[in-house]
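Here is what each chain is made of, one letter per residue.
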Amino acid sequence: MTTIHGTSAPVSAPLLSARALLVRGLVAGLVAGLLAFAVGFLVGEPAIDDAIALEESASAAPAASSETADHSHADGTATHSHDESTGEEAGGHSHGDEEEGGISRATQKGWGLLTATVVVGTALGGLVALVAAGVMGRLGRAGRRIRPTESVAFVALAGFVAVALVPFLKYPAAPPAVGSGDTIGSRTGLYFAFLLVSVVAAVAATYLGQRLWATAGAYAGVVGGVLAYVVVVGTAAALMPAVNELGDFPADVLWSFRLGSALTLTAMWAGIGVVLAGLVGRLHAQQAATQARRDLAASL
Amino acid sequence: MSLSAPLPASAAVEVEAPAVPLGQLAPWALFFGLVAVLALFFVSADQGAVSIPAGTAIHEWVHDGRHLLGFPCH
């Protein structure tokens, strides 16, 4: 530790406080949310537009015979609509630009997407910062504990794997037009259950790796921890039911959408990790400089 | 002022890895954790499987983000 004062010397509070780290996490998350919006808008939205166009061209034909029964995204009344028309027209649904109570596609692609990425980015950024605050100075072996920047990098990377990548591999993002409204409850439950398993497994694996590192060295610690996580998550993935509601959805649009989704998530987590590591590294350097000056003054 | 409270006896050996005392961290983690979970809920799941409040306005507003961030949607 850098400051160990037996007496209650009037030392200024250390710069690396919970509050200072949280504030930087929020800032990093905000930046990451903006970055994720840019990537999502440029890479993800074209596939969403394609998916909605496919859905509406598919629902236009059966709409003449059975008008309301099936759930469709162009059908504004039931629970959900991807366009602003109220869907009461006889034949094909118009998905023009008239505002009728719903939210236009332009708004969903712009301010709506921006809201989602910024809110999620800021929340995740703050959480990453607080977890990193708990990890720093504790992981590692005696005499070589993990430093602030390293702990941010570790938490952001582990968070990306446990919160974004692994859940994506088991329950990949689905474009509009894929996924029935009737199964939204079970799909939501499965997704969050698997997410919970993944996060708990990551925390437990880190703890196990830490123990192994202390007793059997770094190699055993890292390999053991990663292996434990993979075994737990792999078992859960094998046991939990698959979700496949793709039907005859075109593979190229699906690939484009999932690529866009994966890149959006990657941009968000990379943004959090890179920006927060930079901010925390600077703060740590300031704290070290302050401490060095104080030590020098005390030695005079 | 002591930063070393939560560390084991080896703390005295530590040189360059500051830690945040868990007692200082806990209230921030608890409060922000609750706020973050609430915020994530509204973006990720509200007005899908569960609706608070009823309606579709939130769902529609964050619709594209929900799809692209990998949350279940329809």
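Residues numbered from 1 in each chain as written. Chains lettered and ligands numbered in written order. Predicted model: local features only at pLDDT ≥ 70, side-chain atom pairs only at ≥ 80, totals over all residues.

Thoughts on the packing of helix H2 (residues 105-135) of chain A against helix H3 (residues 148-170) of chain A
All names here are of chain A.
And then number 1: Where H2 contacts H3, the two axes come as close as 9 Å, and the packing angle between them is 125°. If you check the angle between H2 and H3, you find them oblique. Between H2 and H3 the crossing geometry is right-handed. In contact with Val128, Val131, Ala132 and Val135 of H2, H3 contributes Ser151, Val152, Phe154, Val155, Ala156 and Gly159.
And then number 2: A class-by-class count of the residues in the contact of H2 with H3 yields eight nonpolar, two polar and no charged. (Axes fitted to C-alpha atoms, helices over the stretch in contact; angles between N-to-C directions. Helix = DSSP H or I, 4+ residues; strand = E, 2+ residues; numbered from the N terminus. Parallel < 35°, antiparallel > 145°, perpendicular 65-115°, else oblique. Left-handed = near helix turned anticlockwise from the far one by under 90°. Contact = placed C-beta atoms within 7 Å. Nonpolar A, V, L, I, M, F, W, Y, C, P; charged D, E, K, R; others polar.)

Section: the interface of chain A and chain B
How big an interface is tends to be reported as the loss of accessible area on association of its parts.
And then number 1: With 65 residues of chain A in contact, the opposing surface of chain B contributes 41 residues.
And then number 2: For the side of chain A that touches chain B, the secondary structure elements donating two or more residues are helix H1 (18-63), H2, H3, helix H4 (184-216) and helix H6 (251-299) of chain A.
And then number 3: Ranked by residue count, the leading element in the side of chain A that touches chain B is H2 of chain A, at 15 residues.

Examining the nonpolar core
And then number 1: Membership of the largest hydrophobic core comes to 84 residues, with the highest contact counts inside it found for Leu21, Val128, Ala132, Ala133, Ile272 and Leu276 of chain A.
And then number 2: Listed by contribution, the elements that provide at least two residues to this core are H1, H2, H3, H4, helix H5 (218-239) and H6 of chain A together with helix H1 (22-44) of chain B.
And then number 3: Sorting elements by how many residues they give to this core places H2 of chain A first, with 16 residues.
And then number 4: Those residues in contact with Ala132 of chain A, other than ones at most four positions away along the chain, are Leu21, Ser151, Val152 and Val155 of chain A. (Core = buried A, V, L, I, M, F, W, Y, C linked by C-beta atoms within 7 Å. Buried ≥ 20, exposed ≤ 12 C-beta atoms within 10 Å, placed from the backbone.)

Here we look at the confidence of the model for chain B
Residue and element names in this part refer to chain B.
And then number 1: The predicted model of chain B has a mean per-residue pLDDT of 80, with 78% of residues at 70 or higher.
And then number 2: Low pLDDT, under 50, characterises residues 1-5; the predicted model gives this stretch 17 contacts beyond four residues in sequence or across chains.
And then number 3: Considering only residues more than four positions removed or in separate chains, one finds that residues 9-14, a stretch of pLDDT under 50, has eight contacts.
And then number 4: Note on the complex model: pTM 0.82, ipTM 0.80. (pLDDT = per-residue confidence, 0-100.)

Some words on the packing of H3 of chain A against H6 of chain A
All names here are of chain A.
And then number 1: Close contact between H3 and H6 brings their axes to 8 Å; oriented N to C, the two are set at 165°. By the criterion of interaxial angle, the relationship of H3 to H6 is roughly antiparallel. Between H3 and H6 lies a crossing whose hand is right-handed. Touching Pro148, Thr149, Val152, Ala153, Ala156, Leu157, Gly159, Phe160, Ala164 and Phe168 of H3 are Ala262, Leu265, Trp269, Ile272, Gly273, Leu276, Ala277, Val280, Gly281 and His284, all from H6.
And then number 2: Partitioned by chemical class, the residues of the contact of H3 with H6 number 15 nonpolar, five polar and no charged.

Some details on unusual backbone geometry
Residues and elements named next belong to chain A.
And then number 1: You will see that Ala177, though not glycine, has its phi angle at about 90°, which is positive.
And then number 2: Topologically, Ala177 is positioned in the loop between H3 and H4.
And then number 3: Taking the number of C-beta atoms within 10 Å as the measure of exposure, Ala177 has 25 and is therefore buried.

Side note on the environment of Ser151 of chain A
All names here are of chain A.
And then number 1: Position of Ser151 relative to the elements: it lies in helix H3.
And then number 2: Residues Ser151 and Arg138, spaced 13 residues apart in sequence, show a C-alpha to C-alpha distance of 9.4 Å.
And then number 3: Apart from the residues within four sequence positions on either side, Ser151 is in contact with Ala132, Val135, Met136, Leu139 and Ile146.

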